[in-house]
Amino acid sequence: MTVRQNGKPQAERSFNGGDAHTRVDVRSVGKSVTSLLMGIALDQGAIATLDDPVQAYWPAAAGSPVGHVPLRDLLTMRTGLAADDDIDGLPGNEDAMDAADDPHAFVLAVPRLEPPGTRYRYNSLATYVAGIVIARATGQSLASFARVSLFAPLGIQAWDWQQDRAGETKGQGNLFLTARDFARLGDLVLHGGVHDGRQIVSRRWIGDSLHPPVDIGAGDPVAHGYGYFWYRQRHPVNGRQVEVFFASGNGGNKLYVIPELAMVVTIVSRAYNTRHGQRRSEAILRSVLAVVADAVDRDGGDRTGDPAARTGAAP
């Protein structure tokens, strides 16, 4: 676990034999990293607009149900496809995709349930396809693009991102990071895409990613909104609501960004496929929020983070 405020480390704890240099599979947090990479590809002009369909960048998808899905609906998991990781019987379920001998053929065969943009369904297929789009648009693997355009500029060197049977980087997860490098990604988001004075990803993309166009509060117990592979939630602290943006992965892996407190909290955990990992991370966040909010209230200082991250609007 790490806690950073105003770009400076405030706390760091390791348990069960791990340390600050241990790389952990942060699972679906990789989805939010794929979102950052989509933004960079858009900034660089490799992707023209989120209104383009998948098939504009992945020609093999032409004519298939996924080929007609606009990129914007991939990013908000409103593909309209029969894919939902919480429903085992649907053709596009994550477990079935992972088991497929030919992942490309599997994805292209997933049928449509409804028009794109109709309904939010949490599914890893959407992020996997987003990763393929980025790879085809940039002419390199998703991992290679991440190395050059995101990880190297942030000084992240100790990482690994798994491939599937088709040789595609798994944009939906299986990204291995240390807790400290995990926090670097949070600082980047907190500061509107800027690291050491360099704009790595545009402020507009950070704002658009965190400003959720989809209300998921009725079906998700820990988030009320979903942006471009990023969650949003409000937590009651000292009689007010503190807004938290976060990336989430199986086992309790969390990257929390709290602009109001200029704070980033990261938790790496290997409690995969258990409920207590997620509950533990939520408890840690609530404890940190209470302590830091008390200190800010006593100081009476303004510690707000980047405006793009706080409001979801581009400056």
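Look a little higher up for the structure.
A brief report on the enclosed structure follows. Just so it is clear, the structure is predicted and the values come from calculations on it, not from any experiment.

Cut-offs and rules
Residues numbered from 1 in each chain as written. Predicted model: local features only at pLDDT ≥ 70, side-chain atom pairs only at ≥ 80, totals over all residues. Heavy atoms only, no water. Helix = DSSP H or I, 4+ residues; strand = E, 2+ residues; numbered from the N terminus. Rg over C-alpha atoms; globule rule 2.2 N^0.38 Å. Buried < 20%, exposed > 50% of the residue type's maximum accessible area, 1.4 Å probe, protein only. Contact = heavy atoms within 4.5 Å. Areas by Shrake-Rupley, 256 points an atom, 1.4 Å probe, with all protein chains shown as cover. Lys, Arg positive; Asp, Glu negative; His and termini not counted. Charge placed at Lys NZ, Arg CZ, Asp CG, Glu CD. Pairing = 2+ DSSP bridges.

Turning to the overall build of the chain, a few remarks are in order. Looking only at helices and strands, the chain features 10 helices and 13 strands. Scaling as 2.2 N^0.38, a compact globule of 315 residues should have a C-alpha radius of gyration of about 20 Å, and the chain matches this with 19 Å. Oriented by its inertia axes, the alpha-carbon framework of the chain measures out at about 60 × 40 × 35 Å. Out of the 315 residues belonging to the chain, those deemed buried represent 55%. Looking at the chain alone, contacts between residues at least 24 apart form 61% of all its contacts between residues at least 6 apart. Carbon and sulfur atoms provide 47% of the accessible area of the chain, an area that totals close to 12,800 Å². Side chains of the chain give 32 positive and 34 negative charges; the mean places of these two sets differ by 4 Å.

This brings us to unusual backbone geometry. Look at F229: it is not a glycine, yet its phi comes out positive at around 60°. With respect to the secondary-structure elements, F229 resides in the loop between β9 (225-226) and β10 (231-237). A positive phi angle, near 50°, is found at A262, a position not held by glycine. Relative to the helices and strands, A262 is located in the loop between β12 (253-258) and β13 (263-267).

Next up on the list: the pairing of strand β1 (residues 2-5). In this sheet, strand β2 (residues 8-12) lies alongside β1 in antiparallel orientation, the contact comprising four bridges. Of the residues in β2, the one forming a bridge with Q5 is K8. Taking the residues that link successive antiparallel strands as the turn, the β1-β2 hairpin has two residues, and the phi of N6 there is positive, at about 55°. Note: β1 against β13, four bridges, orientation antiparallel. Within the sheet, the bridge partner assigned to Q5 lies in β13 and is M263.

Purely geometric stuff here, so don't read any function into it on its own.
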